[in-house]
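Single-letter residue listing:
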Amino acid sequence: MALPIPDEVARRRTFAIISHPDAGKTTLTEKLLLFGGAIQLAGHVRAKGDRRRTRSDWMSIERARGISVVTSVMTFEYGGCVFNLLDTPGHEDFSEDTYRTLTAVDAAIMVIDGAKGIEDRTRKLFEICRMRDIPIITFVNKLDRETREPLDLIDEIEKGLALTVVPMVWPIGLGKNFAGTYDLVEPRIRKLESNPEGEVVSGAADPAIKSLLSESGFKTFHDEIELVEMAGHAFDQQAFLEGHLSPVYFGSAIKNFGVRDLLEALIKYAPPPRDQKARQRVVKATENKLTGVVFKIQANMDPNHRDRIAFMRVCSGKLTRGMKTTIVRTGKQLALNAPQFFFAQDRSLAEEAFAGDVVGIPNHGVLRIGDTLSEGEGIVFTGVPSFAPEILRRVKLADPMKAKKLKSALEELAEEGVVQLFTPLDGSGAIVGVVGALQLDVLISRLDAEYGVPVEFETTRFEVLRWLSCEDDKKLDQFVDSNKSSIARDLDGAPVMLATSLFNLNYTLERAPGIKVATIKEIHG
């Protein structure tokens, strides 16, 4: 029996995990789900045999390379809360998918490799979170391996990210001597392979801690604790919610250690679903009427059913299976007859959902990324971005008889956000745009495996692409007509300028006052 809407909203936690590749993000995801009782055996990446098939990395190319390239959505319950975990791609070639995912979450866990500290990809993802004021909980992973000194890591996070950090636990030993953690909030120790509740201690000098370390190890530990307690910051809930402060936890995902701390921290500190900005007004999460925004489309999650799922974050109200909604972009009605909760590729029918929940809506191309669904009000949510591609290629088809099939497949994959598709006005072949080269590998793999259309790519003379706009529609039309050989339209019909270099783009624009170009296009329905 569902609680009143405000109470259901209050127990939701929607979060993403961000990290540099190989910091342990996928393994941590598995262990979080294991704690939530959602799976029996967590399979970590780069293990052997059957253990290798991790549940959140379900696409064949992900399983083969041991990386995440699409966003997995997983819903589970723990400690009286409903968690919606969005496992973002770790590889930078799929940053667009990650950007969109971060528009759908209220908090994030930042995973840092204890041996490597802050890496380039982590820094970039952190900046996105900061732009969106997303509160971040930091998890320093792989403490059971050779790692840097905790004080050194804390200092790097503070200075490197200009972020106030507050250690909530402290490691007892490092590497092969890692024995557990000491809770700095409520003095207790949690030992590896031991009671997860931990053992209450009198303080950092307790004999129970001394027994876990060598004499020199204990002295180092004690000195570090004194320094942290003397010079460290106090945890401030408001500063955390505003994204200025991050609580730090230490552990080892592969050893299942420190994972429970993260779930407890999400329950205790992370915000429930936040109010969402729409073009017309701010939509409160606790409103009675349903609204939701599509932030991702995924086709063929189940190759046997050729399905197409739109992932929607519920922004307000209550979703009930069978209810009728309006797609604001088209004005058409859509009955939610089979909304689904996801557990990577596994799924179950969602009888009801509330703000913060992420549900899958099966559809045959009627929904697009950025679409708003509502119970009638013409609300349009903002902030779902599309970025100008950095690599442009023409698609070369081996079998001309499959041209129609290729066109349909490219349109579907473009709607899904795998690539961007541009149709030149001069009648030449379609151009696909991607942020990183690995996206092209995924496109080749999926066109062949899911659509039976083997393709190759060939370079195009264009290196730069920008969206065009002008306050004067007539002037924009004249510019497009005068530069047809360098103009294409995107999937929505919006004009883009293609150029052989930034110099040539700027040269053309200098002679066209009033014409504006953009590297980011906001997608909305």
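Parameters at a glance
- Residues numbered from 1 in each chain as written.
- Predicted model: local features only at pLDDT ≥ 70, side-chain atom pairs only at ≥ 80, totals over all residues.
- Heavy atoms only, no water.
- Pairing = 2+ DSSP bridges.
- Helix = DSSP H or I, 4+ residues; strand = E, 2+ residues; numbered from the N terminus.
- Axes fitted to C-alpha atoms, helices over the stretch in contact; angles between N-to-C directions.
- Contact = heavy atoms within 4.5 Å.
- pLDDT = per-residue confidence, 0-100.
- Parallel < 35°, antiparallel > 145°, perpendicular 65-115°, else oblique.
- Nonpolar A, V, L, I, M, F, W, Y, C, P; charged D, E, K, R; others polar.
- 1 Å grid on protein atoms, 1.4 Å probe; cavity = no way out; pocket = protein on both sides within 12 Å on 5 of 7 lines; lining within 4 Å.
- Points joined across faces, edges and corners; volume = space filled by probe spheres on them.
- Core = buried A, V, L, I, M, F, W, Y, C linked by side-chain atoms within 4.5 Å.
- Buried < 20%, exposed > 50% of the residue type's maximum accessible area, 1.4 Å probe, protein only.
- Patch = residues over 30% accessible without salt bridge, like charges linked within 9 Å, V, L, I, M, F, W, Y side chains within 5 Å.
- Areas by Shrake-Rupley, 256 points an atom, 1.4 Å probe, with all protein chains shown as cover.
- Salt bridge = Lys/Arg side-chain N within 4 Å of Asp/Glu carboxyl O.
- Lys, Arg positive; Asp, Glu negative; His and termini not counted.
- Charge placed at Lys NZ, Arg CZ, Asp CG, Glu CD.
- Expected span 1.5 Å × (residues − 1).
- Arc of directions from axis to C-beta.
- Phe/Tyr/Trp six-rings, centres within 6.5 Å; stacked < 30°, edge-to-face > 60°.
- Lys NZ or Arg CZ within 6 Å of the ring centre and 35° of its normal.

Asker: Account for the sheet that holds strand β27 (residues 431–434), naming residues and giving values.
Answerer: The eight strands are arranged β28-β25-β27-β26-β30-β31-β29-β32 in an open sheet whose pairing can be described as antiparallel. Each edge of the open sheet is held by one strand with a lone partner, namely β28 (455–459) and β32 (516–518). Strand-to-strand twist in this sheet, taken as the mean axis angle between neighbours without regard to direction, amounts to 45°. By the bridge criterion, three bridges tie strand β30 (residues 487–489) to strand β31 (residues 495–499) in an arrangement that is antiparallel. Within β31, the residue paired with arginine 489 across the bridge is proline 495. Lying on the sheet, helix α12 (residues 437–451) is in contact with β25 (391–397), β27 and β28; it crosses β28 at an angle near 150°.

Asker: Which residues make up the confidence of the model for the protein, and what values do they have?
Answerer: Per-chain confidence: the protein averages 86 in pLDDT, with 89% of residues scoring 70 or above. Across residues 39–59, where pLDDT falls below 50, the model places 63 contacts with residues more than four positions away in sequence or in other chains. In this model, residues 65–71 is a region of pLDDT below 50 whose contacts with residues beyond four sequence positions or in other chains number 42 contacts.

Asker: Describe the packing of helix α2 (residues 25–35) against helix α10 (residues 259–269), with residues and values.
Answerer: For the pair α2 and α10, interaxial distance at closest approach is 9 Å and the crossing angle is 70°. Between α2 and α10, the angle is such that the two are roughly perpendicular. Residue-level inspection shows Leu28, Lys31, Leu32 and Phe35 of α2 in contact with α10, the latter providing Val259, Arg260, Leu262 and Leu263. Taken together, the residues that form the contact of α2 with α10 break down as six nonpolar, no polar and two charged.

Asker: Any details on the layout of surface pockets? Residues and values, ideally.
Answerer: Considering only enclosed or pocket space, the largest pocket measures out at about 520 Å³ in volume. Around the largest pocket, the lining comprises 21 residues; the ones closest to its centre are Arg132, Arg274, Asp275, Gln276 and Lys277. Going through the elements one at a time, β12 (276–277) and β14 (291–299) are the ones with two or more residues in the lining of the largest pocket. Its residues assigned to classes, the lining of the largest pocket shows eleven nonpolar, four polar and six charged.

Asker: Can you explain the nonpolar core? Please cite residues and give values.
Answerer: Grouped together as the largest cluster of nonpolar side chains are 81 residues, with contacts concentrated most on Phe15, Leu28, Leu32, Ile109, Tyr182, Phe221 and Tyr249. If we skip the residues at most four places from it in the chain, phenylalanine 221 touches Trp170, Pro171, Ile172, Tyr182, Ala204, Ile209 and Leu213. Counting residues in hydrophobic clusters, the runner-up holds 27 residues, among them Val293, Ala353, Ile379 and Phe381.

Asker: Can you explain the sheet that holds strand β9 (residues 188–191)? Please cite residues and give values.
Answerer: The four strands are arranged β7-β8-β9-β10 in an open sheet whose pairing can be described as antiparallel. Each edge of the sheet is formed by a strand with only one pairing partner; in this case those strands are β7 (169–172) and β10 (199–200). Both β9 and β10 contribute to a ladder of two bridges, which runs antiparallel. Residue isoleucine 189 lies in a different strand from β10, and its bridge partner there is glutamate 199. This element, helix α8 (residues 215–231), spans β7 and β8 (180–183) of the sheet and lies at about 165° to β7.

Asker: Lay out the pairing of strand β22 (residues 358–362) in plain terms, naming residues and giving numbers.
Answerer: Counting buried positions along β22 yields four of five residues, so the element is predominantly enclosed. Taken together, the five bridges between strand β15 (residues 308–316) and β22 define a ladder with antiparallel strand orientation. Bridge pairing in β22 places methionine 312 opposite valine 359.

Asker: Outline a negative patch on the surface, listing residues and values.
Answerer: Residues Asp472, Asp473, Asp477 and Asp481 make up a contiguous surface patch of negative charge. Relative to the helices and strands, aspartate 477 resides in helix α13 (residues 473–482).

Asker: Account for α8, naming residues and giving values.
Answerer: For α8, with 17 residues, the first-to-last C-alpha span of 24 Å sits near the 24 Å given by 1.5 Å per residue. Listed in full, the buried residues belonging to α8 are Phe218, Phe221, Glu224, Ile225 and Val228. All buried residues of α8 lie within an arc of 130° about the axis, which places them on one face of the element. Turned more than 90 degrees away from the buried face of α8 sit Glu215, Ser216, Lys219, Met230 and Ala231, all of them exposed. Of the surrounding secondary structure, the elements contacted by the buried residues of α8 are α6 (150–161), β6 (164–167), β7, β8 and α7 (207–210).

Asker: Explain the packing of aromatic side chains to me, using residue names and the numbers behind them.
Answerer: Using the criterion set out here, one finds eight aromatic pairs in the structure. Ring centres of phenylalanine 178 and phenylalanine 257 lie 5.6 Å apart, and the angle between their planes is 85°; this geometry places the pair in the edge-to-face category. In this pair, phenylalanine 178 is assigned in the loop between β7 and β8 and phenylalanine 257 in the loop between β11 (245–250) and α10, connecting sequence segments 79 residues apart. Under the relative-accessibility criterion, phenylalanine 178 is labelled buried at 5%. Take phenylalanine 257: its relative accessible area is 8%, and that puts it in the buried class. Between phenylalanine 235 and phenylalanine 240, the aromatic rings sit 6.0 Å apart at their centres with planes inclined by 45°, giving tilted as the arrangement. What makes phenylalanine 240 buried here is its relative accessible area of 0%. Counting every residue linked through ring pairs, the aromatic cluster contains Phe15, Phe76 and Phe83. The positively charged end of arginine 511 is found above the aromatic ring belonging to tyrosine 507, 3.7 Å away from the centroid.

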